[in-house]
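The lines below spell out each chain.
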Amino acid sequence: MAFKYRVKTKRSGIGDKPAKYHSVPVHSGEISSRQLAKDLAQRSSLSEGDVLSALAGLSGLVKRYLQDGHTVRLDGLGLLSVSASSEGFETSQECTPRRVKAKKICFRADPELKANLKYIRFEREKKKVDVPDPEDLQEKP
């Protein structure tokens, strides 16, 4: 199966440059934990419930380790970490823990996962053609 994309025009905000055409990914949907558990259960000796329980436990552990300042490496997937920052201050003493804010959770893909990108095949999304309803085509008295 191929990864679908559509073509959109984007205008430059600088001057009177003409619009250019760019590819935009079209995602095929979202895979839930339940679907992952079902698929993993078929590939292993674990039941779907066992896998769901393990995924829930993993989620809780990742949250705790990130809150404690650790980075979390999931072999074959990548590295999770928290980014944090604060506004600028005149002195170092003003930069107190209350003024530091967590910004986002960062993900850096494992090199093995990233290498898989070269195997993704792309296919342009087919345009949906509006087919008129046959009743609309009938003449009305």
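Description of the structure in this document. Bear in mind the structure is a predicted one, so any value in this text is a computation, not a measurement.

Taking 1.5 Å of rise per residue, the 20 residues of helix 2 (residues 48-67) would be expected to cover 28 Å, and the 29 Å separating its terminal C-alpha atoms lies within 8% of that figure. Buried within helix 2 we find Val 51, Val 62 and Leu 66. Take helix 2 and look down its axis: the buried residues cluster within an arc of 35°, on one side only. Helix 2 presents Ala 56, Lys 63 and Gln 67 as exposed residues on the side facing more than 90 degrees away from its buried surface. Contacts made by the buried residues of helix 2 are with helix 1 (33-43), strand 3 (72-74), strand 4 (78-85) and strand 5 (101-109). Among the residues trailing helix 2, Gly 69 stands out with phi positive, at a value near 95°.

Cut-offs applied
- Residues numbered from 1 in each chain as written.
- Predicted model: local features only at pLDDT ≥ 70, side-chain atom pairs only at ≥ 80, totals over all residues.
- Heavy atoms only, no water.
- Helix = DSSP H or I, 4+ residues; strand = E, 2+ residues; numbered from the N terminus.
- Expected span 1.5 Å × (residues − 1).
- Buried < 20%, exposed > 50% of the residue type's maximum accessible area, 1.4 Å probe, protein only.
- Arc of directions from axis to C-beta.
- Contact = heavy atoms within 4.5 Å.

In short, the description is geometric, and any link to function would need to be established separately.
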